[in-house]
Structure formats: C-alpha cells, structure tokens
Amino acid sequence: MKKGIISEWVLQAVYPRRCPLCHDIVMPKGKLVCAACAGKVQPVGGPRCKKCSKPLDAEELEYCGDCSRQRHVFDEAAGIFPYDKIMKSSLMKCKYGGRREYLDYYGQMMVRYGRRYLQHWHPQALAPIPIHKSQERLRGFDQSACLAHAVGRAFGIPVYDHMLEKCKKTRPQKGLGMDQRKLNVRGAFSAGRDFQPLRSIVLVDDVYTTGSTADEAARCLKRAGCGDVYVLTLCVGKGF
Ligand SMILES: [Zn+2]
Ligand SMILES: [Zn+2]
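Residues numbered from 1 in each chain as written. Chains lettered and ligands numbered in written order. Predicted model: local features only at pLDDT ≥ 70, side-chain atom pairs only at ≥ 80, totals over all residues. Heavy atoms only, no water.

Novice: It is not clear to me how the state of the cysteines should be interpreted in this structure. Could you clarify?
Specialist: What makes a disulfide is a covalent bond joining the sulfur atoms belonging to two cysteines. Throughout the structure, instances matching the rule amount to zero disulfides. No disulfide involves Cys 146; its nearest neighbouring cysteine sulfur is the one of Cys 94, lying 8.0 Å away. (Disulfide = S-S within 2.5 Å.)

Novice: I'm lost on the domain arrangement of the chain in this one. Help?
Specialist: Size of an interface: often given as the accessible area lost when the parts come together. We note that the domain assignment places domain 1 (10-40) and domain 2 (42-172 + 180-236) within the chain. Each of domain 1 and domain 2 has a C-alpha centre, and these two points are 26 Å apart. The partner domain 2 presents 13 residues to the eleven residues of domain 1 that form the contact. Summed over both sides, the interface between domain 1 and domain 2 buries roughly 1100 Å², with carbon and sulfur atoms accounting for 59% of that surface. A per-residue breakdown of the area domain 1 buries against domain 2 is headed by Pro 20, His 23 and Leu 32, which together make up 44% of the total. Counting across the domain 1 and domain 2 interface gives one salt bridge. Where domain 1 meets domain 2, there are eight residue pairs in polar contact (both at pLDDT 80 or more). Taken together, the residues of the side of domain 1 that touches domain 2 break down into six nonpolar, two polar and three charged. (Domains from an automatic or database assignment. Contact = heavy atoms within 4.5 Å. Buried area = accessible area lost by both parts, 1.4 Å probe. Salt bridge = Lys/Arg side-chain N within 4 Å of Asp/Glu carboxyl O. Polar contact = N/O pair within 3.5 Å; in protein donor to acceptor, adjacent residues only side chain to side chain. Nonpolar A, V, L, I, M, F, W, Y, C, P; charged D, E, K, R; others polar.)

Novice: Honestly, the layout of surface pockets in this entry has me stumped. Any pointers?
Specialist: Regions of empty space are outlined by a rolling probe, equal in size to a water molecule, passed over the atoms. The space that makes up the largest pocket amounts to roughly 1100 Å³. Surrounding the largest pocket, 41 residues form its lining, Lys 95, Tyr 96, Pro 172, Gln 173 and Lys 174 being those nearest its centre. Elements supplying a minimum of two residues to the lining of the largest pocket: helix H3 (85-96), helix H5 (133-139), helix H7 (178-185), strand E5 (200-208), helix H8 (212-223) and strand E6 (228-236). For the lining of the largest pocket, the per-class residue count stands at 15 nonpolar, 15 polar and eleven charged. For the second largest pocket, the calculated volume is near 300 Å³. Forming the walls of the second largest pocket are 14 residues, and the residues nearest its centre are Arg 99, Arg 100, Glu 101, Leu 103 and Asp 104. Put simply, the parts of the chain that give the lining of the second largest pocket at least two residues each are helix H4 (102-121) and helix H6 (143-155). Partitioning the lining of the second largest pocket into residue classes produces five nonpolar, three polar and six charged. (1 Å grid on protein atoms, 1.4 Å probe; cavity = no way out; pocket = protein on both sides within 12 Å on 5 of 7 lines; lining within 4 Å. Points joined across faces, edges and corners; volume = space filled by probe spheres on them. Helix = DSSP H or I, 4+ residues; strand = E, 2+ residues; numbered from the N terminus.)

Right, dumping it as structure tokens:
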C-alpha cells in the first residue's frame, strides 16, 4: 500500500495529471478535472430516445429517427455525455495520445450518472465491447474494459472481460454510412472464454453513434443464449 502511494506520488511529480477537458495540468492538484472545467460538459438533458437515449428535438417524440426506422438488437442503451467537440477531442487524446488518466474521470462520471440506469436494468454482469487484440497492444489498454471495471467496482457488479472477443479487424466506423457500418461490423464478435448465458447483461463502451457495433455485440450474446442486453456508454452522438 505504502509503496503504491509513493510510486503514485513520484508519477504525479514527473507526469502531473492532465485535465480531460482542457488538457492542461489539473488545477487544483489531486482532482481528476480542473475546478474551472468541471461544468464544461453536462449529461444529455431534455427529451431522449426511449431506445438509444439520443437527445430528441421535440418532447412529443418517443424515438429518434434512427430507432423509428430500424429495430435494434439490444434492449436499451444509455449514453451519459453528448459526443460533442470537447468529448471528441478528450477521447481522441485518451485513446491515441496516451492520456490514460482521463479514464479515471470518465469512470467517475459513468458511476455518477449511470446509477439510475443500472438500478433499472439490474444486470447480473457487465462486459466491455472489446477492441481487437492488435489495437489493444498498440494502445496499451482497452478503454471499454477500464470503464466497465470502474462501474463494476462502484456498484459491486462482476465484470466479464472476455464475455465477447473481437474476432474480426474492422475499419473505423467514422465516415461510413449506416449500411456500410453494419457490414463493417458483421461477424466482428464471438463468444469469449468468459461467456455465460446470463439473464441480463450490460455492455460498456466509450461512444454510441448509430448502434451498429452495439447491435452486433448484442446479436452475438443473444445467439449464444443471453437474455436482455443493455448498453451503457460514456458518450452518445446526435441523430444519424
Ligand atoms: Zn481543465
Ligand atoms: Zn434512438
């Protein structure tokens, strides 16, 4: 324990924690986000799609355009923050710029704002939507697994890291149309070595945009014998 504290202290002195929102050194020290930045991102408010939680333009709508056009395989999805300019650049720096410490802040936010969904869904376990092994090797971590563990620890829900495996290397979904996205992720997942046919499970990921990835992961779990599959993400995009 003591050794851990000392190494943490040395690490903080050499690599001071950066703010996930402004990317400067966090002020005041010891926080996960600057006091002045904390209010820059707010959870999605107002009317939201009942299926995927995307913000809606009008109160009287029940579903977003995307969910009224197609049937999703997952049962319900909830994203915490809007996938806006600030969160896009934050996640970009975390995933591709080595700012692994941002995950502590993301995890804290998912715990704070994800509570009501987890209480409602009451899952038996959490599972990250996995990235391909080669991607994880390159990055040194799997962000979805880190987020799932933060949430699991806070609520005492077990995390099955290998419920799913990413068995196919996919192109980035960004820039692809809806049909191309579906094709791109088709057959991307298989049941992993932790697989269990659970009654209720929550998949955890960093971003939800069209739901193609979430659908494919849910399809794999349901085919293998799982019941309800929910999706909890840090960010959720606007309509597609
Ligand atoms: Zn800041
Ligand atoms: Zn929707």
